[in-house]
Amino acid sequence: MTEDDVIKLKEFKASKNRLMGRLLNRSYRYMSTLAVKFLTDKGYTNFRVGQIVALVNIDVEGTSVNKIAQKAGMTKQGMSKLVKELADEGYVYTEKDPSDARALIVKLTDLGVRCILDWKACTEYIDQNFEEVIGAEQLNTLKDILRNLVDKYEEMIETGEVPCEPIPLAFIKK
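Computed from a predicted model, the values in this text were never measured in an experiment.

## A look at the overall build of the protein chain
- Looking only at helices and strands, the protein chain features six helices and three strands.
- Ordered by position from the N terminus, the helices and strands of the protein chain form the series α-α-α-β-α-α-β-β-α.
- Computed over C-alpha atoms, the radius of gyration of the protein chain comes to 20 Å, more than 25% over the 16 Å expected from 2.2 N^0.38 for 174 residues, which places it beyond the range of a compact globule.
- Along the first, second and third principal axes, the C-alpha atoms of the protein chain reach 65 × 40 × 30 Å.
- For the protein chain, buried positions account for 25% of its 174 residues.
- As displayed, the protein chain offers around 12,700 Å² of accessible surface, 56% of which is attributable to carbon and sulfur atoms.

This is the structure:
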């Protein structure tokens, strides 16, 4: 390791608290912590925040596993696992798709509907907590900025510029 590399490494480490990935990751953890507290207080003891991605993408009349996965930006296999977990806990049930015998339609149970409505209240709780820290104006600005970034990313997925699946880290130089 050269002296120049050591200097660059020290500069990088000194600035790590401003790295976008770290900031987004830690913010997500803060949000998840608030969500877990809210949902636990509501009686959801065996529910993971990550499972909400499946529930919120199920249409009122039901949705295929493939469509839920596509909406959530997940693999079909990953979504199938989430759907099975949710079915085991009573949030959803599945039926054969009348138009495709190989496909399943996922439908919400009453518990699933209740959970989504409680999740809506949970998002309001999270917003309140964030607003206490950064204020209403900055919270709205943050949401606008993040919406712009998400819109750009979704546009890149739609045009095929990036795959829907996570990008592997194979590009790292050795």
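There's plenty left to go through after this.
## Structural notes on the pattern of salt bridges
- Inspection of every chain in the model, using the stated rule, returns 14 salt bridges.
- In this structure, Asp88 and Lys84 form a salt bridge, with 3.0 Å as the shortest nitrogen-oxygen distance. One end of the pair, Asp88, and the other, Lys84, are both in helix 5 (residues 76-88), four residues apart, so they sit about a helical turn from each other.
- Given the relative accessible area of 54%, Asp88 is considered exposed.
- A salt bridge links Asp100 to Arg102; the shortest N-O distance between them is 3.3 Å.
- The partly exposed category is assigned to Asp100, whose relative accessible area is 25%.
- Via salt bridges that share partners, Arg48, Lys81 and Glu85 belong to a single interconnected network.

## Things to note about the environment of Thr45
- Inspection of the secondary structure assignment puts Thr45 in the loop between helix 2 (20-41) and helix 3 (52-55).
- The spatial distance from the C-alpha of Thr45 to the C-alpha of Ile134 is 30 Å, given a sequence separation of 89 residues.

## A few points about the pairing of strand 2 (residues 92-97)
- When strand 2 meets strand 3 (residues 100-108), the two strands line up antiparallel, connected through six bridges. Within the sheet, the bridge partner assigned to Tyr93 lies in strand 3 and is Lys107.
- Counting the residues in the hairpin turn of strand 2 and strand 3 gives two residues.

Reading the values: the criteria
Residues numbered from 1 in each chain as written. Predicted model: local features only at pLDDT ≥ 70, side-chain atom pairs only at ≥ 80, totals over all residues. Heavy atoms only, no water. Helix = DSSP H or I, 4+ residues; strand = E, 2+ residues; numbered from the N terminus. Rg over C-alpha atoms; globule rule 2.2 N^0.38 Å. Buried < 20%, exposed > 50% of the residue type's maximum accessible area, 1.4 Å probe, protein only. Areas by Shrake-Rupley, 256 points an atom, 1.4 Å probe, with all protein chains shown as cover. Salt bridge = Lys/Arg side-chain N within 4 Å of Asp/Glu carboxyl O. Pairing = 2+ DSSP bridges.

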